[in-house]
Amino acid sequence: MDVLSLSCSPRQRCSACPSSTAPGGYITIRFLIGVSLATFVSCQYWVSTMFNSKIIGTVGGLTAGWGDMGGGATQLIMPLVFDAILACGATEFTAWRLAYFVPGMMLVVMGLLVLTMGQDLPDGNLGSLQKNGDMNKDKFSDVLRGAVTNYRTWIFVFIYGYCMGVELTTNNVIAEYYYDSFHLDLRAAGTIAAAFGLANIFARPMGGYLSDLGARYFGMRARLWNIWILQTAGGAFCICLGRASTLPTSVTCMVLYSICVEAACGAVYGVIPFVSRRSLGLISGMSGAGGNVGGGLTQFLFFSSSQYSTGKGAPIHGHHDHGMHTPCHACALPPVGLHAPSS
């Protein structure tokens, strides 16, 4: 497994944020923290090799959902950590920097646990199995070719870019949206925004479970239909969120949108393990990267301009999300001929 990403990347970089004083240094550190997202792909690949294919959607959705839940938990926990440090006498300038040491140390602990206690495969570690001749060692060039020349890989890169990508963008802007649009204080806006990420605790596992459940009766087609239905519903609720004019309506739409888009993410990784076992790690990584690219592109297009506030950008984002979901739906639509081995 890619234990290097777990044991080396995230925590030092997260803890380095407090020491950055120049804007360029801060941006660089933020970029390096992003490298820690490789742990998501490592985890998804890991569970795909450790568990039976009949439950792979549920297991992948559960592990990834609880990981993504951190985006919501952060909205609740980090302000409390910040307040606690302020209460100890620190200034605001110092307190927010010291607060970064909390997730930094958590990442250190988890990285060490995976490094010392993790096992690559049910039969043992990869290096030992290859050394004993129990497993073949593929050339990287063959694995890479198997991933990039498979049209299914690029379909899932695109699909995941506009379910996980839109989720990442919403996580970044939803608190500011409620602050701008409904004039809530930051604490109230952050509490409401936390519900979006916290829905991952059940929504993403639900998407994976529905994928496994459908596959029991209708095979791979059910897994593909599951993606399309959830992603279509997510696009519709995203539009409703952008157009909502009252707080109760907006919160309701946000909750429904979060459930659908996060369940769609779980459903996507209920199919990816069946695209190519040989190139599974690379395909998982490329699909995960598609989510990050989709999130960055969406935020750049609709939430980085000074021409309008987040409150004005969100409705446009709602229409954009639906517009981008439409070709994604076409890619996920089962009758177009997307074929994968039966689950």
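Residues numbered from 1 in each chain as written. Predicted model: local features only at pLDDT ≥ 70, side-chain atom pairs only at ≥ 80, totals over all residues. Heavy atoms only, no water.

(A) Structural context of the overall build of the chain. The helix and strand inventory of the chain stands at 17 helices and 0 strands. Sequence-distant contacts in the chain: of pairs separated by 6 or more residues, those separated by 24 or more amount to 77%. Roughly 16,400 Å² of accessible area belongs to the chain as shown, and the carbon and sulfur atoms make up 68% of that amount. (Helix = DSSP H or I, 4+ residues; strand = E, 2+ residues; numbered from the N terminus. Contact = heavy atoms within 4.5 Å. Areas by Shrake-Rupley, 256 points an atom, 1.4 Å probe, with all protein chains shown as cover.)

(B) Representation of the packing of helix H11 (residues 164-182) against helix H16 (residues 280-303). Where H11 contacts H16, the two axes come as close as 7 Å, and the packing angle between them is 50°. One finds that H11 runs oblique with respect to H16. Pair H11 / H16 crosses with right-handed handedness. Contacts from Met164, Gly165, Leu168, Thr169, Asn172 and Val173 of H11 reach H16 at Gly291, Asn292, Gly294, Gly295, Thr298, Gln299 and Phe303. Looking at the contact of H11 with H16, its residues break down into 4 nonpolar, 9 polar and no charged. (Axes fitted to C-alpha atoms, helices over the stretch in contact; angles between N-to-C directions. Parallel < 35°, antiparallel > 145°, perpendicular 65-115°, else oblique. Left-handed = near helix turned anticlockwise from the far one by under 90°. Nonpolar A, V, L, I, M, F, W, Y, C, P; charged D, E, K, R; others polar.)

(C) Inspection of the nonpolar core at higher detail. Membership of the largest hydrophobic core comes to 47 residues, with the highest contact counts inside it found for Phe156, Tyr160, Tyr178, Leu241 and Val268. For this core, the elements supplying multiple residues, two or more each, are helix H4 (38-50), helix H5 (56-87), helix H10 (151-161), H11, helix H12 (186-198), helix H14 (220-243), helix H15 (247-268) and H16. Per-element tally for this core: the top contributor is H15, with 9 residues. (Core = buried A, V, L, I, M, F, W, Y, C linked by side-chain atoms within 4.5 Å. Buried < 20%, exposed > 50% of the residue type's maximum accessible area, 1.4 Å probe, protein only.)

(D) Quick peek at the environment of Val173. Considering the arrangement of structural elements, one finds Val173 in helix H11. On the basis of relative accessibility, which here comes to 7%, the residue Val173 falls in the buried class. Considering only alpha carbons, one finds Val173 and Ala193, 20 residues apart in sequence, at a separation of 8.8 Å.

(E) The arrangement of a nonpolar patch on the surface in detail. On the surface, Leu62, Trp66, Ile201 and Phe202 cluster together into a nonpolar patch covering about 400 Å² of accessible area. On the accessibility criterion, Leu62 (42% relative accessible area) is partly exposed. (Patch = residues over 30% accessible without salt bridge, like charges linked within 9 Å, V, L, I, M, F, W, Y side chains within 5 Å. Salt bridge = Lys/Arg side-chain N within 4 Å of Asp/Glu carboxyl O.)

(F) Quick peek at helix H13 (residues 203-218). Its 16 residues place the ends of H13 22 Å apart at the C-alpha level, agreeing with the 22 Å of an ideal helix rising 1.5 Å per residue. Residues Ala203, Arg204, Pro205, Gly207, Gly208, Ser211, Asp212, Gly214 and Ala215 constitute the buried set of H13. The first or second residue beyond H13 is Gly219, which carries a positive phi of 75°. (Expected span 1.5 Å × (residues − 1).)

(G) Spotlight on the packing of H11 against H12. Between H11 and H12, the shortest axis-to-axis distance is 8 Å and the interhelical angle comes to 155°. The pairing of H11 with H12 is recorded here as roughly antiparallel in orientation. The hand of the H11/H12 crossing is right-handed. Mapping the contact onto sequence places Glu167, Thr170, Asn171, Ile174, Ala175, Tyr178 and Tyr179 in H11 and Leu186, Ala189, Gly190, Ile192, Ala193, Phe196 and Gly197 in H12. Among the residues making up the contact of H11 with H12, the classes are represented as 9 nonpolar, 4 polar and 1 charged.

(H) Region of interest: the packing of aromatic side chains. If you walk through the whole model with that rule in mind, you get 9 aromatic pairs. On the basis of an interplanar angle of 50° and a centroid distance of 6.5 Å, the ring pair of Tyr217 and Phe218 is categorised as tilted. By relative accessible area, Phe218 is classed as exposed at 64%. An aromatic cluster of at least three residues, connected via ring pairs, comprises Tyr177, Tyr178 and Phe182. (Phe/Tyr/Trp six-rings, centres within 6.5 Å; stacked < 30°, edge-to-face > 60°.)

(I) Geometry of the layout of surface pockets. Empty space within the second largest pocket amounts to approximately 230 Å³. Contributing to the lining of the second largest pocket are Tyr26, Ile27, Arg30, Phe31, Gly34 and Val35. Residue composition of the lining of the second largest pocket, by class: 4 nonpolar, 1 polar and 1 charged. (1 Å grid on protein atoms, 1.4 Å probe; cavity = no way out; pocket = protein on both sides within 12 Å on 5 of 7 lines; lining within 4 Å. Points joined across faces, edges and corners; volume = space filled by probe spheres on them.)

(J) Structural context of the confidence of the model for the chain. Averaged over all residues, the pLDDT of the chain is 80; the fraction at 70 or higher stands at 81%. Note on residues 1-13: pLDDT is under 50 here. Beyond four places in sequence and across chains, it has 34 contacts. (pLDDT = per-residue confidence, 0-100.)

(K) Inspection of H4 at higher detail. Here H4 contains 13 residues, and its C-alpha end-to-end distance of 18 Å stays within 8% of the 18 Å for a straight helix at 1.5 Å per residue. Every buried residue belonging to H4 is among Phe40, Val41, Ser42, Gln44, Val47, Ser48 and Thr49, and all of these are buried.

(L) The arrangement of the pattern of salt bridges in detail. This model, assessed by the stated rule, comprises 5 salt bridges. Of the charged contacts in the structure, one is a salt bridge between Arg204 and Asp68, with a shortest N-O distance of 2.8 Å. Of this pair, Arg204 sits in helix H13 while Asp68 sits in helix H5; the two residues are 136 residues apart in sequence, bridging distant segments of the chain. For Arg204, a relative accessible area of 0% puts it in the buried group. With relative accessibility at 13%, the residue Asp68 sits in the buried group. The structure contains a network of salt bridges with shared partners spanning Asp142, Arg145 and Arg278.

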